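Close look at the chain arrangement
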Amino acid sequence: MVNEAPRLETERLILRHFTLDDFPALAACWADPEMVKFIGGGQPQGPEMTWARLLRYIGHWQALGYGYWAVFEKETERYVGSFGFQDAKRELTPALELPEAGWSLIPAVHGMGYAQEALGAILDWADRELSTPTCCIIDDDNHRSIHLAERFGFQFEHNVEYHGKQIKMFIRQTR
């Protein structure tokens, strides 16, 4: 089993294992109201919740052999987001039975094509290493993420209820 995220590179990005040193950048990211607009009920997260998120990102690799990558610009080394897979044991109906793909980018880099680069890299990894379909859940109003997911082969499966809100569940078969 993999104990930490393998390093992935794209033309402009480096995806690597999260470390505790990434906490300040991650905390700033998740405290931004624009960043969480369609995630977690749209509420910015404080340091306590972000710390738990960071530990979950790190621990997934050790417990399950997959998880999230910290994403950085090659040129500037600036933290720009997180992409990966998780089993969050979400309380939703119907339950997620597959590794859940997820992604987030800081608002300053929206529209630059980074989401496409990073998602392509992690899905290529998943196709080689996980050999199982993956799923994702996306807020109905998050049209950019829905378009991105569909572009990479995620297909709408059904709506699920999560935290009192109906959201879309998509499934992607391995390639």
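The text that follows walks through the structure, step by step, so that each part is easy to find. (Residues numbered from 1 in each chain as written. Predicted model: local features only at pLDDT ≥ 70, side-chain atom pairs only at ≥ 80, totals over all residues. Heavy atoms only, no water.)

1. Considering helix α3 (residues 114–129)
Taking 1.5 Å of rise per residue, 16 residues should cover 22 Å, and α3 covers 22 Å from first to last C-alpha, within 8% of that figure. Those residues of α3 lying buried are Tyr 114, Ala 115, Glu 117, Ala 118, Leu 119, Gly 120, Ala 121, Ile 122, Leu 123, Trp 125, Ala 126 and Asp 127. Immediately beyond the C-terminal end of α3, within one or two residues, lies Ser 131, with a positive phi of roughly 50°. (Helix = DSSP H or I, 4+ residues; strand = E, 2+ residues; numbered from the N terminus. Expected span 1.5 Å × (residues − 1). Buried < 20%, exposed > 50% of the residue type's maximum accessible area, 1.4 Å probe, protein only.)

2. Considering the side chain of Asp 22
Inspection of the secondary structure assignment puts Asp 22 in the loop between β2 (13–17) and α1 (23–31). Of note is the side chain of Asp 22, whose polar atom sits 2.8 Å from the side chain of Arg 16. Setting aside chain neighbours within four positions, we find Asp 22 in contact with Arg 16, His 17, Ala 70 and Phe 72. (Polar contact = N/O pair within 3.5 Å; in protein donor to acceptor, adjacent residues only side chain to side chain. Contact = heavy atoms within 4.5 Å.)

3. Describing the packing of aromatic side chains
Overall, the coordinates contain twelve aromatic pairs when judged by the stated rule. Residues Phe 18 and Tyr 79 carry aromatic rings whose centres are separated by 6.2 Å and whose planes lie at 55° to one another, so their mutual orientation is tilted. Here the residue Phe 18 occupies a position in the loop between β2 and α1, and Tyr 79 occupies one in strand β4 (residues 79–86), the gap between them amounting to 61 residues. With a relative accessible area of 7%, Tyr 79 lands in the buried category. With 5.2 Å between their ring centres and 80° between their planes, Trp 69 and Trp 125 make a pair best called edge-to-face. Of this pair, Trp 69 sits in strand β3 (residues 68–73) while Trp 125 is found in helix α3, placing the two residues 56 residues apart along the sequence. Accessibility expressed as a relative area gives 0% for Trp 69, which makes it buried. The residue whose ring lies beneath Arg 53 is Trp 30, and the NZ or CZ to ring-centre distance is 3.5 Å. (Phe/Tyr/Trp six-rings, centres within 6.5 Å; stacked < 30°, edge-to-face > 60°. Lys NZ or Arg CZ within 6 Å of the ring centre and 35° of its normal.)

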